[in-house]
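Inside the fold
Residues per chain are reported as follows:
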Amino acid sequence: MITRELLAIPMAGGGRIDINSGVARLSGTIWATLWRDDAAPSRTAVLITHPASNFLGHYALRDLAALGVASVGLATRYVGNDTTLIMENCVLDIAAAIGHLRGLGYERVVLVGNSGGGGLAALYQSQAERPDLTSTPAGDPPDLTAADLPPADALVLAMAHPGRAQVYTEALDAAIVDETTPFTRDAELDMFAEKNGPPYTADFLARYRQAQIERNRRITRWVLRQLAALADRSHPASSPDGPTPDDLPFVVHGTAADPRFLDPAVDPSRRKLTTLWGPAWAANFQPATLGHVTSLRSWLSQWSYDHSRANAPRCLPKVSVPVQVIYGDADCAAFPSHARQMYDAIRHGDKELVEIKGADHYFQGRPDLAQEMCRRIVDWARQ
């Protein structure tokens, strides 16, 4: 019989007010759901994580439990709101969850980074094995070299991209030249302009990709200037007799403009030409799509191409445990090249690359393919 239990896990302090909810802050708790087959107890737990998505009801939990392992869906302290998300604090949340599972008697923990959890899971395992980060990119706590980070026994990157900063930059609208006026556009770098494609030429794609990176770096330079100004005691925000703000929110327009959304020849696969939020032009500006609102400090930790540490290709060379990379050939968010990039970054031979034919990002309408993914994870975990 499959049962589920809500786990209340003590949360390590982050040192800043970066969670809107006072109830959540004061509770000092992160939450997870534990699914298990009470008729056949297992000493292996599969922990599924993501920086901000609510995985308490993740689609894979029941199937994993039915295959004979305990399955756990984790919600970090930033669940449902990534505007102030600090990746290094998410590392602390994963550590708390793994430590809690060890305390419950689970001898083996398999860490699954799903979707945007890929870069985070790789960052966690690399720091658990070889900690070297003493602060966030903005210079704030936590010091991960002083944290208790129990390593996972194996790592799975499932339907995952290499990291939020990379995939975000690959979808930044390069035609935006003024961050305050998104419809004032550089026609030579507009992937939505008919004269440019699709199909896109190799020259256009090279110029477009470079312009995306430069836009990310342009925003990062602005962020660093804003943080330096806030730290200046002569800044108008400074207070002579009380706390002074040291972070600010801002808006980023145009975050769903990856040429792969319109041209099937770019990173070929069986995907539909769309985004996770619908057609690309509308998704590019809809507030609910990726990373439109962020704080200065969160930008550096989460979205900055050069500063964010949650980057699987950079982290995986430091990981010694077995690693499985799973991707779907109909996924419109995590692409075949992402899977290969992560797989190739693993330096040891105890690794596996798995393609699930016909699977999109969420296995919509194909529960059989979601079950296939779960079976492959469990088989890998038992090796």
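Here the structure is shown first, and the text comes after it.
We now turn to the structure provided with this report. The written sequence of each chain sets the order in which its residues are numbered from 1. Side-chain atom pairs in this predicted model are given and counted only at pLDDT of 80 or more, local residue features only at pLDDT of at least 70, and totals for whole chains, interfaces and linings cover all residues. In computing side-chain values, all of the structure's heavy atoms are included and hydrogens and water are not.

Concerning the packing of helix H6 (residues 202-231) against helix H8 (residues 296-303)
Note on definitions: angles span 0 to 180 degrees between N-to-C directions of axes, and those axes are lines fitted to C-alpha atoms, for helices only across the stretch in contact. Numbered from the N terminus, helices here are DSSP runs of H or I no shorter than four residues, and strands are runs of E no shorter than two. Contact geometry of H6 with H8 gives a least axis separation of 9 Å together with a crossing angle of 140 degrees. With respect to each other, H6 and H8 are oriented oblique. Along this stretch, H6 crosses H8, giving a crossing that reads as left-handed. Here H6 contributes Asn216, Ile219, Thr220, Trp222, Val223, Leu224, Gln226, Leu227 and Leu230 to the contact with H8, which in turn contributes Leu296, Arg297, Trp299, Leu300 and Trp303. For the contact of H6 with H8, the class distribution of residues is 10 nonpolar, 3 polar and 1 charged. The cut-offs work like this: below 35 degrees is roughly parallel, past 145 is roughly antiparallel, 65 to 115 is roughly perpendicular, and the gaps in between are oblique. Take the far helix as the reference: if the near one is turned anticlockwise from it by less than a right angle, the crossing is left-handed, and if turned clockwise, right-handed. Should any heavy atoms of two residues lie within 4.5 Å, those residues are considered in contact. Three categories are distinguished: nonpolar for Ala, Val, Leu, Ile, Met, Phe, Trp, Tyr, Cys and Pro, charged for Asp, Glu, Lys and Arg, and polar for the others, with Gly belonging to the last.

Considerations on the packing of helix H3 (residues 87-103) against helix H4 (residues 117-129)
Geometry of a packed helix pair, given as the angle between the helix axes and the separation of the axes. Orientation of H3 relative to H4, taken along the N-to-C sense of each, is 70 degrees, at an axis distance of 10 Å. What the angle tells us is that H3 and H4 run roughly perpendicular. For the pair H3 and H4, the crossing hand works out as right-handed. Contacts from Met87, Cys90, Val91, Ile94, Ala95 and Ile98 of H3 reach H4 at Leu120, Leu123 and Tyr124. Of the residues assigned to the contact of H3 with H4, the class counts are 9 nonpolar, no polar and no charged.

Some remarks on the packing of aromatic side chains
Each pair of aromatic rings taken from Phe, Tyr and Trp, with Trp reduced to its six-membered ring, is defined by centres within 6.5 Å and is described as stacked if the planes are under 30 degrees apart, edge-to-face if over 60, and tilted in the remaining cases. The full count for this structure, using the stated rule, is 11 aromatic pairs. Ring plane angle 20 degrees and centroid distance 5.3 Å describe the contact between tyrosine 200 and phenylalanine 204, whose orientation is recorded as stacked. Here the two residues tyrosine 200 and phenylalanine 204 agree in accessibility, since each one is buried. In this scheme, the term charge over a ring applies when either NZ of a lysine or CZ of an arginine sits within 6 Å of the ring centre and within 35 degrees of the ring normal. Here lysine 351 stacks its cationic end above the ring of tyrosine 343, 4.3 Å away from the centre of that ring. Each residue is assigned to one of three classes by its accessible area relative to the maximum for its type, calculated with a 1.4 Å probe on protein chains only: buried under 20%, partly exposed between the two thresholds, exposed over 50%.

Some words on the sheet that holds strand E2 (residues 29-37)
For sheets, the rule is that strands pair by backbone hydrogen bonds, running either parallel or antiparallel. We treat two strands as partners when DSSP finds at least two bridges between them. A sheet is described by the order of its strands in space; here 8 strands give the open sequence E1-E2-E4-E3-E5-E6-E9-E10, paired in mixed fashion. Strand pairing shows two members of the sheet lacking a second neighbour, strand E1 (2-10) and strand E10 (351-356), which therefore form its edges. Direction aside, the axes of adjacent strands within the sheet are offset by 20 degrees on average. Inspection of the sheet shows strand E5 (residues 108-114) paired to strand E6 (residues 154-158) by 5 bridges, in the parallel sense. Following the sheet pairing, glycine 113 is matched in E6 by leucine 157.

Remember, this is a structural readout, not a statement about activity or role.
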